[in-house]
Amino acid sequence: MLVIVGAAVIAARRDFPGPGVESVSWHIVSAVITVAAQIYSDRHRGLAAFSGSVVVFIVAGLLLWTQWWS
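Throughout what follows, the structure given in this document is the object of discussion. (Residues numbered from 1 in each chain as written. Predicted model: local features only at pLDDT ≥ 70, side-chain atom pairs only at ≥ 80, totals over all residues. Heavy atoms only, no water.)

**A short note on unusual backbone geometry**
Phase 1 of the analysis: Notably, D15 is not glycine yet its phi reads approximately 55 degrees, a positive angle.
Phase 2 of the analysis: With respect to the helices and strands, the residue D15 is situated in the loop between α1 (2-14) and α2 (21-43). (Helix = DSSP H or I, 4+ residues; strand = E, 2+ residues; numbered from the N terminus.)

**Thoughts on a nonpolar patch on the surface**
Phase 1 of the analysis: Among the surface-exposed residues, M1, L2, I28 and V32 lie close enough to one another that they form a single nonpolar patch of about 390 Å² accessible area.
Phase 2 of the analysis: With relative accessibility at 36%, the residue I28 sits in the partly exposed group. (Patch = residues over 30% accessible without salt bridge, like charges linked within 9 Å, V, L, I, M, F, W, Y side chains within 5 Å. Areas by Shrake-Rupley, 256 points an atom, 1.4 Å probe, with all protein chains shown as cover. Salt bridge = Lys/Arg side-chain N within 4 Å of Asp/Glu carboxyl O. Buried < 20%, exposed > 50% of the residue type's maximum accessible area, 1.4 Å probe, protein only.)

**A closer look at the environment of R43**
Phase 1 of the analysis: Topologically, R43 is positioned in helix α2.
Phase 2 of the analysis: As a C-alpha pair, R43 and A11 span 32 residues in sequence and 39 Å in three-dimensional space.

As structure tokens, then:
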């Protein structure tokens, strides 16, 4: 997320195309969700911890699929 935000700032300052608002928004939202899910997973045990980990992988996969591979 920090790399994408940094690239957007540098692109805006130097007047060249960079990641747009949509891409930056996707990365920020995904980072917030994954950090929250990881914290939840770290503080719980069993199925709850596993579910938090699954959320992390799903959000990361969704971000990769929609913003990097397509």
